[in-house]
Amino acid sequence: TLFRSEVISSGNSGGMTGVRALLQGAATGWRSRAHHHAHWPQILCGLKDLWRDGAQAMARRGHTYGTESGGSARPIGRYPVPYKKDLPYDIVELMEEVETKGGFLPNVFKVMSHRPDEFRAFFSHYNAIMNKQSGNLSKSDRELIVVATSIHNRCPYCVIAHSALHRIYSKNAALSDQVIVNWELAELNKREKAMLSFALAITRAENITDEHFLKLEEHGFDREDAWDIAMISAFFAMSNRIAHFIDLRPNTEFYNLGRVPREKEESGAS
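Residues numbered from 1 in each chain as written. Predicted model: local features only at pLDDT ≥ 70, side-chain atom pairs only at ≥ 80, totals over all residues. Heavy atoms only, no water.

Novice: Would you mind going over the overall build of the chain with me for this structure?
Specialist: Within the chain one finds eleven helices and zero strands. Each helix and strand of the chain, placed in order from N terminus to C terminus, yields the pattern α-α-α-α-α-α-α-α-α-α-α. A total of 270 residues make up the chain; the buried ones form 49% of that total. Within the chain, residue pairs in contact and separated by at least 24 positions form 75% of the contacts whose partners lie at least 6 positions apart. Within the structure as shown, the chain displays about 13100 Å² of accessible surface, and the carbon and sulfur contribution to it stands at 52%. (Helix = DSSP H or I, 4+ residues; strand = E, 2+ residues; numbered from the N terminus. Buried < 20%, exposed > 50% of the residue type's maximum accessible area, 1.4 Å probe, protein only. Contact = heavy atoms within 4.5 Å. Areas by Shrake-Rupley, 256 points an atom, 1.4 Å probe, with all protein chains shown as cover.)

Now the structure itself:
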């Protein structure tokens with residue numbers, strides 16, 4: 001079954017230089033319907049730069065939804081993606097807005113739409129832990145935690161998607177790859193090593209003691225930061241397992257994001 005949508009025309013690609021505002025624009029439309037989904041104006045704010053490298057190419061050639069993975073005969077997952085007409089309006093609207101403004105729709109949106117209530121709960125929780133404005137964790141810190149957790153759990157989708165986000169936020173094209181291979185040998189600073197050590201203790205379901213918190217405090221993390229690290233690791237341990245049983249496949253667009261220097265935008269483009 002296919003989730004059908006209109007093909008993105010080349011006319012939509014003119015705003016690709018404004019992809020940084022991907023969710024800022026989305027949030028404006030969602031605020032007017034906040035009584036239906038009060039948390040959703042910010043759901044994608046942490047992803048606003050994700051698409052900038054792949055979006056232009058996708059917009060030029062057009063893209064449709066479906067269970068097939070682009071460039072591969074292998075389906076994106078083992079559950080069918082619903083027809084648009086069978087999905088709630090708020091979910092359809094979000095998915096179309098993300099694809100139109102970003103150039104492609106991450107496959108996790110498609111497969112989670114199989115269960116609309118769980119779709120809403122999943123992205124609401126994602127937003128709460130990944131896009132919060134308080135605390136001492138940067139966006140690149142959060143993505144590095146996801147990468148370390150997901151490689152331990154052997155989740156291809158989350159490793160590939162969130163290593164792309166880390167490359168973009170950190171502007172470091174190599175570090176997430178090093179963490180994927182062996183985080184203990186990666187070029188991490190002492191703060192990052194302490195952070196990942198705690199995250200992986202949560203991932204491995206170790207007995208957490210006061211010593212774990214003391215080690216974090218030595219590197220500037222307080223108890224609230226520890227909560228954030230643990231919650232991200234725990235949430236993505238769950239996400240990894242969902243991706244496993246669904247057999248969720250990553251979008252091909254993720255692979256080069258943050259690796260290939262972005263082409264110079266045309267002068268005058270917004």
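Novice: Is there a simple way to explain the nonpolar core in this structure?
Specialist: Side chains that are nonpolar tend, in soluble globular proteins, to be buried together. Counting residues in each nonpolar core, the largest one holds 59 residues, and the members touching the most others are V179, L196 and I229. Once residues within four sequence positions are removed from consideration, V179 is found in contact with L144, V147, A148, I151, A186, L188 and L196. (Core = buried A, V, L, I, M, F, W, Y, C linked by side-chain atoms within 4.5 Å.)

Novice: Quick question: what am I supposed to make of the packing of aromatic side chains here?
Specialist: Ring pairs (aromatic) are described by centroid distance and by the angle formed between their planes. Applying the stated criterion across every chain yields a total of eleven aromatic pairs. One residue, R223, lies across the ring of F213, its end atom 4.2 Å from the ring centre. (Phe/Tyr/Trp six-rings, centres within 6.5 Å; stacked < 30°, edge-to-face > 60°. Lys NZ or Arg CZ within 6 Å of the ring centre and 35° of its normal.)

Novice: Looking at this structure, how should I read helix α10 (residues 210–217)?
Specialist: For the α-helix, the turn length of 3.6 residues means that residues three or four positions removed from each other point alike. Among all positions in α10, only H212, F213 and L216 are buried. All buried residues of α10 fall inside an arc of 95 degrees around its axis, so they share one side. Residues of α10 that are buried make contact with α9 (190–203) and α11 (223–246). (Arc of directions from axis to C-beta.)

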